[in-house]
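Per-entry structural report
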Amino acid sequence: MKYLFLSIALSILSVFQVNAQEKRIPAKGLAVFSNDWQFKPYEFTRHALGDDDILIETMYASICHSDLHHSHQDWGNEIYPMVPGHEIVGKVTRVGKNVTKFKVGDYAGVGCMVNSCGECDYCKAGLEQYCKKVVMTYHAHDPFHNNEITQGGYSNNIVVKDRFAVKVPQNADMKKVAPLLCAGITTYSPLMQSDVKKGDNVAIAGFGGLGHMAVQYAVKLGAKVTVFDITEDKRADALRMGAVKYVNVNNKEELKGMDDSFDFVLSTIPAMYDPSMYLRMTKYNGNFAIVGLPAFNNQPTLKVMDFVFLAGRNVYGSQIGGMKETQEMLDYSVAHNIYPEVEIIKADGDAVTEAYKNVLAGKVKFRYVIDMSTLK
Ligand code: NDP
Ligand code: ZN
């Protein structure tokens, strides 16, 4: 008799376990399995929908240079398989029972974060990106879900806490929204932090995905913008976007006479460069903000002497932006028709591999966006 009870109890338990298993959400995407940038189809599961979570069917995910750094081990040891992607936009298909911010059918955007503690000073100040427990969208251990590894937006869906998704207006140009979730906020935020305004002289160094967003925001704010990059191919684009000047830093003649010129300098450069040069160009009381993140074994340096001999210039780093500011940036961008310039590619492993090589070679204008509806 007691064996009968035991076997009934065990079968009930196993039914519960199967149900718990079934609650995980199946997903498929494109992953790299080493640092070779060879993208291949990959099937996995995401954690079950929590009461405060939403499930988003991905429409578009774009390629940020950070995805190149991450998957190439530029910033340290990486975890594979890795599904990158932290510029994501899609349609809400399910909502947890506590969610009021979204309903099924709404458009939602997800950037670099999917969760945080919600209680620390950073979270309370709307600076979730600096929370010690922040969960990055991919390649992160998620302490709120048994430390499982997160996977990003080059996939058919994503589960996210509702407060880490922004509302995307129905009239937004959906093909172009995804890059705003990282390139947009990462440049909008320091422009706001430094209170850039009409008539300011602004320098944007690195005219790629981030840089071309920074130029558009700064021009909209009424600043006089000078763009610095290493190619001739983008000179006409910078002027078309409203810059007053374009400097090819490989041409030493063009760099002459620029010291003490700028109220605000933003570096989005992802590779080796000379930050002292940009500090010299910053005016007394001006701001030099750094967002570009070159590889850990190829780090540009600012010397202590630079700070002393170029005293009075403020240098600071900035990471993306908090969720409140991200929503503000998105609404601002859509309202003022400020979007990235994009090239749409298929959600195909070879196409993404080729796109990565082109980003590194400076061949994209200005952001690749993967059409996730084409994922097989
Ligand atoms: P892109 O590759 O799209 O753009 C980088 C641009 O910098 C390219 O136009 C490139 O030139 C140019 N460039 C390269 N070397 C130099 C140089 N020495 N001087 C001037 N310009 C140069 O990258 P993203 O805009 O996507 O990202 C830029 C960086 O920002 C990356 O390191 C990324 O990881 C980081 N990032 C940081 C974030 C943060 O929160 N702080 C968030 C998101 C990204 P060309 O194309 O002509 O070769
Ligand atoms: Zn990014």
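Everything in this summary refers to the structure shown in the same document. (Residues numbered from 1 in each chain as written. Chains lettered and ligands numbered in written order. Predicted model: local features only at pLDDT ≥ 70, side-chain atom pairs only at ≥ 80, totals over all residues. Heavy atoms only, no water.)

Things to note about the site of ligand 1
Residues in contact with ligand 1 amount to 32 residues; listed here are only the nearest, His 65, Ser 66, Asp 229, Ile 320 and Arg 367. Between ligand 1 and Gly 209, the relevant distance is 2.8 Å, taken from an oxygen atom to a main-chain nitrogen or oxygen of the residue. Between Leu 293 and ligand 1, the recorded distance is 2.9 Å, taken from a backbone N or O atom to an oxygen atom. In isolation ligand 1 has 930 Å² of accessible area, and contact with the protein removes 92% of it. (Near = heavy atom within 4 Å. Polar contact = N/O pair within 3.5 Å; in protein donor to acceptor, adjacent residues only side chain to side chain. Areas by Shrake-Rupley, 256 points an atom, 1.4 Å probe, with all protein chains shown as cover.)

Considerations on empty space enclosed by the protein
Enumeration according to the criterion identifies one cavity of 30 Å³ or more in this entry. Of the voids in this model, the largest cavity is the one considered here, and its volume is about 50 Å³. As for the largest cavity, its lining consists of Gly 111, Cys 112, Met 113, Leu 181, Ile 185, Ile 320, Gly 321, Met 323 and Thr 326. A breakdown of the residues in the lining of the largest cavity according to their chemical character gives six nonpolar, three polar and no charged. (1 Å grid on protein atoms, 1.4 Å probe; cavity = no way out; pocket = protein on both sides within 12 Å on 5 of 7 lines; lining within 4 Å. Points joined across faces, edges and corners; volume = space filled by probe spheres on them. Nonpolar A, V, L, I, M, F, W, Y, C, P; charged D, E, K, R; others polar.)

A word on the layout of surface pockets
Of the pockets and cavities examined, the second largest pocket occupies roughly 260 Å³. Lining the second largest pocket are 20 residues, and of these Arg 46, Glu 148, Ile 149, Thr 150 and Gln 151 lie nearest its centre. Among the secondary structure elements, those contributing two or more residues to the lining of the second largest pocket are strand 2 (40–46), strand 6 (113–115), strand 9 (148–149) and strand 10 (157–161). In the lining of the second largest pocket, the residues fall into seven nonpolar, seven polar and six charged. (Helix = DSSP H or I, 4+ residues; strand = E, 2+ residues; numbered from the N terminus.)

Here we look at the coordination of the zinc ion (ligand 2)
Ideal geometry at a metal centre: 109.5 degrees between donors when four sit tetrahedrally, and 90 or 180 degrees when six sit octahedrally. At this site the zinc ion (ligand 2) is bound by Cys 64 (SG), His 86 (NE2) and Cys 182 (SG), with donor distances of 2.0 to 2.2 Å. Binding-site remark: the zinc ion (ligand 2) is held by donors from one chain whose sequence spacing is C-x21-H-x95-C. Here the residue His 86 occupies a position in the loop between helix 2 (65–71) and strand 4 (88–95), and Cys 182 occupies one in the loop between strand 11 (165–168) and helix 4 (183–193), the gap between them amounting to 96 residues. Judged on exposure class, the residue His 86 and its partner Cys 182 are both buried. (Donors = N, O, S within 2.8 Å, 3.2 Å for Na, K, Ca; no water. Buried < 20%, exposed > 50% of the residue type's maximum accessible area, 1.4 Å probe, protein only.)

Topic: the nonpolar core
Within the largest apolar cluster, 68 residues are counted, with the highest numbers of intra-cluster contacts made by Ile 54, Val 177, Tyr 217 and Val 225. Residues in contact with Val 225, not counting those within four places in the same chain, are Val 202, Ile 204, Val 215, Ala 218, Val 219, Ala 243, Val 244 and Lys 245. Judged by nonpolar contacts, the second largest core, of 25 residues, contains Trp 37, Ala 61, Ile 345 and Ile 370. (Core = buried A, V, L, I, M, F, W, Y, C linked by side-chain atoms within 4.5 Å. Contact = heavy atoms within 4.5 Å.)

Regarding the packing of helix 4 against helix 5 (residues 209–220)
Where helix 4 contacts helix 5, the axes come no closer than 8 Å and their chain directions differ by 45°. Considering the angle they form, helix 4 stands oblique to helix 5. Our pair here, helix 4 against helix 5, has a crossing hand that is right-handed. Between helix 4 and helix 5, the residues in contact are Ala 183, Gly 184, Thr 186, Thr 187, Tyr 188 and Leu 191 and Gly 209, Leu 210, Met 213, Ala 214, Tyr 217 and Ala 218, respectively. Among the residues making up the contact of helix 4 with helix 5, the classes are represented as eight nonpolar, four polar and no charged. (Axes fitted to C-alpha atoms, helices over the stretch in contact; angles between N-to-C directions. Parallel < 35°, antiparallel > 145°, perpendicular 65-115°, else oblique. Left-handed = near helix turned anticlockwise from the far one by under 90°.)

Observations regarding the pairing of strand 16 (residues 282–290)
Sheet analysis places strand 15 (residues 262–267) next to strand 16, joined by five bridges and oriented parallel. Looking across to strand 16, one finds that Leu 266 is bridged to Ala 289. As a crossover connection, the stretch from strand 15 through helix 8 (residues 275–281) into strand 16 is right-handed. For the crossover from strand 16 across helix 9 (residues 304–309) to strand 17 (residues 314–317), the handedness is right-handed. (Pairing = 2+ DSSP bridges. Right-handed = clockwise from strand over helix to strand, strands pointing away.)

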